[in-house]
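Each chain, letter by letter, is given below.
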Amino acid sequence: MDESSISITLGGVDVALIYPQDLDEEIWPYFWHLAQEPPPAKYHAQLRLQRQDNDRLDLYRDDQRLWKELSWPEALHPLLDEIARVVAGISTRPVLRAAAVAIAGKAVLIAGPPGCGKTGLAAWFVERGFEFLADDLLCIGDDASGIRPMALALAPHASLSPRLLSWPSFLDAYAAITIPGAIIKPEALPETHATEWPCALVLVPQRHEGAKPSLQPIAPDRRRFLLELAVHPDQAQSSAMEAKLADFALAVPAVRVRFGSFDHLENWLDDFVRSSIADGLPAAMAQQQTRLKASEELRTAAAVTAHPPGEWFFPKPAIARPRKRLSIGMATFDDYDGVYFTLQALRLYHPEVADDIELLVVDNNPNGVCGAPLRRLAKSSEGFRYIPVAESIGTAVRDFVMQEAEGDYVVCLDCHVLLVPGALARLMRYFEEHPGCNDLLQGPLVNDDLATLSTHWSSTWSGGMYGSWALDPAALDPEAPAIDIPMQGLGLYACRREAWPGYNKLFRGFGGEEGYIHEKFRQAGGRTLCLPFLRWIHRFDRPMGTPYTISWHDRIRNYMIGFDELGLPLDEMLAHFRQHIGPAADPIIRDCLGELERLRVAQVG
C-alpha cells in the first residue's frame, strides 16, 4: 500500500510521520504548518500509521506497535498524544500540558489539571480576538518569561465540542468529529509557531458549576507548584528544568479564575487580561471588582435562560428548600463502584435518618471515565448532589465537602466506606446532646472479618506514614462513652461544620493529612474522639489499581508543610523517610525545605 510522509518539528524535536497515502487530505491540514523542508538527515523518532487488511490502523513508534485496530478519525487522538510524548521525552526544556493564547504580542498561559477548562478557555479567548498558540502542549523558552507554543490542534471533550463548534470563530474550522470529542484545526501559524513568545500572565481556571466569578492572585511558590503539576508526565525532570520552572514562576504573575460557565466570563475577563498586559497586573486587579460586579448583575439577569446544550449542569439546590441537619459527603476520583455502593447503602440501611440528611459527591475527575455515569446516577436517583471539582487533585479536595455542605453537622467519608446500621441516628443524637461541639469525631474501623476493630492510630512512624493501627479495649463495647485518641484513619470523620479548620491550601496529591488535621483541631481548642458506636468498614484492596498518582514527593511535602504550620518538629519525620526510602529522600527533603524557607520569607514580606 502506498505511503506518504511528512517531517514535523516541535520544540526542537524532529519527527517523521508516515501514513497511508489515501489519508493525505486528512493528515496534511493538521500538520502542514509544522512541516520541515528539506527533511532532516536524522529524526528523533518515527511515527507510522499502518493500514491493516481490515482497513483498521495500527500506530507504531519506530518499530514498536503502540496502538492497534484504530479507526479514522479516532486515530488522531492517540497520534497527537504520541507526538506529545515524543517531544516530552526528548526535549531539554520543561514541556507543559498547558494552553496558550496571545494578544498584542504577549502570550497568556492557561494551566491547570486535566478537566479544569483549559481548552474551553483558550477557545473562548480566540472567539474574542486572541491568537491561538497551543492547546495542550508547549515548553518554557530560553528567556525567564518566555514560552514556545506547539500548535497542534484544539481537542475539547465531547461535552464541550458542540458548543465550541457553534462559535463563529470555529464555524469554518477544519475539524474531525470523534466520540471522545472534536479535533479542531484553528488558524495555522506557519511563520510563528516555533517562535518564543514573552508570557505576560498565567491563568489557572477553576470551572465549578454554581461558582460565582472571581479572581485571585497566586503567590510565586504556588505558581511553581501549579506549573510542576502541568509538566508532561513523560518528561524526566532535571535540576536545570526545575530551575527554569522556578525562574518562570517568579517572572510571570498568575491569577486563579473561578467561574461556573463561559457565560459568566462575558464583559470582563478578556478586558482584564488586556489590561493586565497593557498596564500590569496590580492595575488590572484594582479594576476587576467593578467588572465582576457588573458581570454578576448580567449573569443574574440571564439566569432564567436555559443552560447551553452540550454541557452538563447540576445547579445547587434552591435556598428555599428545607435544610437538612446532617450532610454526608465523599470525594471520588474514578471510583464509580465505590460511590455507588456507599451511596445506596446509606439510603437502604439508614432509613430512620433519610429525612434529615443530604448526600454529596465531589467528583475530582468529572471528565474522566466515571464522570458521565455519576452524573446519570445523580439525575436518575435524585438521591444526592453531584459536585464536579477538577481544579484541585488530591487529599485536600475533601475541603469541598465542607464548603458545599448545607447541614450544621457534616460527615466526610471515603467513597468506599460502609457504616453499621443505626450509626448515623446515634451520631445525630450525639450532636444534639453536645451543642457547640468543636471536636473531631471518628469511630472504630471494623476489619474485613467483621469482628476485630482498630479504634485509632498510634503516634508512630511506620511504612512511610505517621500512625499505625491500634486498639483501645475501652471501645470494644459500642455503648461505651467517647474516648480520646491521638489520631485515626480519615476514611470517616465528622464535626460541626463551623468547627472545621480546613486542610492547608498548599497540600497537593495524597498523604500527610492523618495526624495533621487531628492536631489542628486540638490547637483550636477541640478534642479528637472515638465514638465506639460509630463503626465503619473500608475497602482497601484495589485489584484494578489506583487511577491517580501517589508520590513520595507529595507525601513528604505535605507532612513537612503540615508539621511546619502546626509548629511540630521535623527531625523524627525526616529521619524516618531517609531510612524508609533511602537516598531518594534527600533531594525531596532539600527541595521541600527550600520551599518552606521561601514561604517564610514571603510571609514576613
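Per chain, the residues get numbers from 1 upward, laid out in the order the sequence is written. Local features in this predicted model are restricted to residues whose pLDDT is 70 or higher, and side-chain atom pairs enter the listing and the counts only when it is 80 or higher, whereas totals over whole chains, interfaces and linings include all residues. As a convention, hydrogens and water are excluded, and side-chain values are obtained from all of the structure's heavy atoms.

Time to look at the overall build of the protein chain. A tally of regular secondary structure across the protein chain gives 16 helices and 30 strands. Buried, partly exposed and exposed residues are distinguished by accessible area as a fraction of the type maximum, computed with a 1.4 Å probe on protein chains only: under 20%, between the cut-offs, and over 50%, respectively. Residues classed as buried in the protein chain amount to 55% of the 605 residues present. A separation of at least 24 residues holds for 74% of the contacts in the protein chain among residues at least 6 apart in sequence. Method for areas: the Shrake-Rupley scheme with a 1.4 Å probe, in which residue coverage is limited to the protein chains shown. When the accessible surface of the protein chain is summed, it comes to about 26,000 Å², and 53% of that surface belongs to carbon and sulfur atoms. The way it works is that DSSP assigns letters per residue, a run of H or I at least four long becomes a helix, a run of E at least two long becomes a strand, and they are numbered from the N terminus. For this analysis, residues touch if any pair of their heavy atoms sits within 4.5 Å.

This brings us to the environment of A200. Its location among the elements puts A200 in strand 14 (residues 197-207). Taking the C-alpha atoms as reference points, A200 and G280, 80 residues apart in sequence, are found 8.6 Å from one another. When residues no more than four places from it in sequence are discounted, the contact partners of A200 are K106, A107, V252, P253 and I277.

Among the secondary structure elements, Y493 is positioned in strand 28 (residues 492-496). Ignoring sequence-local partners within four residues, the contact set of Y493 consists of R398, M402, V410, V411, C412, L440, L441, Q442, W500 and Y503. Separated by 3.1 Å, the side chains of Y493 and Y503 make a polar contact. In protein, a polar contact means a hydrogen-donor-capable atom and an acceptor-capable atom, both N or O and within 3.5 Å, with residues adjacent in sequence counting only if both atoms are side-chain atoms; elsewhere, any N or O pair within 3.5 Å suffices.

Here the focus is the pairing of strand 11 (residues 146-149). The side chains of a regular strand alternate, residue by residue, between the two faces of the sheet. Only strands that DSSP links by at least two bridges are regarded as paired with each other. Direction of pairing for strand 10 (residues 138-140) relative to strand 11: antiparallel, over a ladder of 3 bridges. Along strand 11, the bridge assignment pairs C139 with R148. Where strand 10 hands over to strand 11, the hairpin turn is made up of 5 residues, counted between the paired strands. Pairing geometry for strand 11 and strand 14, over 2 bridges, is antiparallel. Bridging across to strand 14, I147 finds its partner in W197.

Moving on, we come to the nonpolar core. A general feature of soluble globular proteins is that nonpolar side chains tend to end up buried together. By nonpolar core we mean a set of buried residues, namely Ala, Val, Leu, Ile, Met, Phe, Trp, Tyr and Cys, connected to one another through side-chain atoms within 4.5 Å. V362, Y493, W500, Y503, I517, M560 and M573 are the most contacted members of the largest nonpolar core, which has 44 residues in total. Sequence-distant contacts of W500, defined by excluding residues within four places in its chain, comprise D399, M402, Y493, C495, I517 and F521.

For residues that are not glycine, phi is negative in most cases, and the peptide bond is trans in most cases. For the bond from W72 to P73, the omega torsion is 15°, close enough to zero to count as cis. Its location among the elements puts P73 in the loop between strand 5 (64-70) and helix 2 (76-90). Unlike most non-glycine residues, A104 shows phi in positive territory, near 55°. As for its position among the elements, A104 is in the loop between strand 7 (99-103) and strand 8 (106-110).

Moving on: the side chain of S161. Counting through the fold element by element, S161 comes out in helix 4 (residues 161-165). On the basis of relative accessible area, S161 is assigned to the buried category, the value being 6%. For S161, the contacting residues outside a window of four places in its chain are P156, G181 and A182.

On to the confidence of the model for the protein chain. With 88% of its residues at a pLDDT of 70 or more, the protein chain has an overall mean of 85. Per-residue confidence from the predictor is given as pLDDT, running between 0 and 100. Taken element by element, the predicted model of the protein chain shows its lowest mean pLDDT in helix 8 (residues 281-302) (64) and its highest in strand 22 (residues 440-442) (98). This model gives residues 188-192 a pLDDT under 50, and the stretch forms 11 contacts once residues within four places in sequence are excluded.

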